[in-house]
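Inside the fold
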Amino acid sequence: MPDQTMSSTFDSAASTFEHQRSLPREVPEAIRAAIWSITGLSGPARVLDIGAGTGRIGRAFVAAGDSYFGVDTSLAMLQEFSIDAVNCTLTQADGNHLPFSDRSFDVVLLMQVLSGVDDWTGILDEARRVVRVGGCVVVGRSSNPEWGVDTQLKKQLKHILEDIHLAPFPTEQSRRQAMALLESLAARHTHAVAASWHVLATPNAFLLRHRTGARFVALPPNIQKQALEKLGAWAESTFGSLDAEFAETRSFEIDVYEF
Ligand SMILES: C[S@@+](CC[C@H](N)C(=O)[O-])C[C@H]1O[C@@H](n2cnc3c(N)ncnc32)[C@H](O)[C@@H]1O
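Residues numbered from 1 in each chain as written. Predicted model: local features only at pLDDT ≥ 70, side-chain atom pairs only at ≥ 80, totals over all residues. Heavy atoms only, no water.

Looking at the side chain of Ser74
Within the element layout of this structure, Ser74 appears in the loop between β2 (67-72) and α4 (75-82). With a relative accessible area of 0%, Ser74 lands in the buried category. A distance of 3.1 Å separates a polar atom in the side chain of Ser74 from the backbone nitrogen of Met77. Here Ser74 is in contact with Ser8, Phe10 and Asp11, once residues within four sequence places are set aside. (Helix = DSSP H or I, 4+ residues; strand = E, 2+ residues; numbered from the N terminus. Buried < 20%, exposed > 50% of the residue type's maximum accessible area, 1.4 Å probe, protein only. Polar contact = N/O pair within 3.5 Å; in protein donor to acceptor, adjacent residues only side chain to side chain. Contact = heavy atoms within 4.5 Å.)

Structure below.
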């Protein structure tokens, strides 16, 4: 039963999420292959995807025949997923309170989820509760080069927000802390680059995408407006034009924690 009261900062991003944050088609398949190779899984598995979103990554697990369960607090994100989803179970639920029994999954995915949440301790407790002995929790994220356009814009946005909002704007901190905890508890930890690909990055694409970023939309509207104006002006003077294209290599990194 959909819970309309469980609103999410991702609701407003749902319809544009896959377009603005697209991954090449082979990347989700490569993520699954890397997990299977690291853990020695051979056939289909029971997979729980916490923060499944629109199915950008989860769809590859469904297509491979896994018994796939996706949960997300955002009904709008799951509705996008359900447009072409068959043979999988999608449930609106908070990762802090998973509606599943103990030790019932072989693989628990946390793909691009931990950087955007403050309540990661509850999510990790639940992920560890539902993974079977010998199963794994996988943290995944796409990564950009240090010198890349997106990385530079992200850093500048953080400075701008700290200047006008007078408070630290956390970005990667939650994910790093969560991964340190998982590392201390897991029997084995393996880091891998599951896939790399080339893009033509523009400052404009970052600006458009960031308007719907989860932490960003949670800020007061006047702060968002000021920050985007300042960032746009900075980008124009730094890169020459908002539409200037820069060739970059992106990758998708996974950390597999076996329990
Ligand atoms: C950046 S999106 C990633 C979606 C998907 N994993 C992917 O990589 O395409 C993060 C997702 O996590 C969901 N999310 C955030 N906090 C959550 C929580 N406590 N429980 C379940 N889902 C959550 C958001 O609603 C959003 O759909």
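Quick look at the packing of aromatic side chains
The final tally for this structure, using the stated rule, is eight aromatic pairs. Judged by centre distance (5.7 Å) and plane angle (80°), the rings of Phe69 and Phe100 are edge-to-face. Of this pair, Phe69 sits in strand β2 while Phe100 sits in the loop between β3 (89-92) and β4 (105-111); the two residues are 31 residues apart in sequence, bridging distant segments of the chain. Judged by its relative accessible area of 16%, Phe100 is buried. Among the aromatic residues, ring-to-ring pairing joins Phe69, Phe100 and Phe105 into one connected group. Here the basic side chain of Arg32 rests over the ring of Trp36, its NZ or CZ set 3.9 Å away from the ring centre. The side chain of Arg46 reaches across the aromatic face of Phe105, ending 4.8 Å from its centre. (Phe/Tyr/Trp six-rings, centres within 6.5 Å; stacked < 30°, edge-to-face > 60°. Lys NZ or Arg CZ within 6 Å of the ring centre and 35° of its normal.)

Some remarks on the UniProt feature "domain: Methyltransferase type" (unreviewed entry) in the chain
Summarizing the sequence annotation, UniProt attributes the feature "domain: Methyltransferase type" (unreviewed entry) to residues 48-138 in the numbering used throughout. Taken end to end, residues 48-138 is 27% helix and 31% strand, and its two terminal C-alpha atoms sit 10 Å from one another. (UniProt positions renumbered as here; feature names shortened; annotations may be inferred.)

Re the site of the ligand
Neighbouring the ligand are 22 residues, the closest being Gly51, Arg56, Asp72, Gly95 and Met111. Here a nitrogen atom of the ligand and a backbone polar atom of Thr73 are 3.4 Å apart. Contact with the protein chains covers 93% of the free accessible surface of the ligand, which is 600 Å². Along the lines of polarity and charge, the residues of the shell around the ligand split into 10 nonpolar, eight polar and four charged. (Near = heavy atom within 4 Å. Areas by Shrake-Rupley, 256 points an atom, 1.4 Å probe, with all protein chains shown as cover. Nonpolar A, V, L, I, M, F, W, Y, C, P; charged D, E, K, R; others polar.)

Remarks on the side chain of Thr212
Positionally, Thr212 belongs in the loop between α8 (203-210) and α9 (214-217). Residue class for Thr212 comes out buried when judged on its relative accessible area of 13%. A polar atom in the side chain of Thr212 sits 3.0 Å from the backbone oxygen of Arg209. What Thr212 contacts, discounting residues up to four positions off in sequence, is Ser12, Ala13, Thr16, Gln20, Arg21 and Val217.

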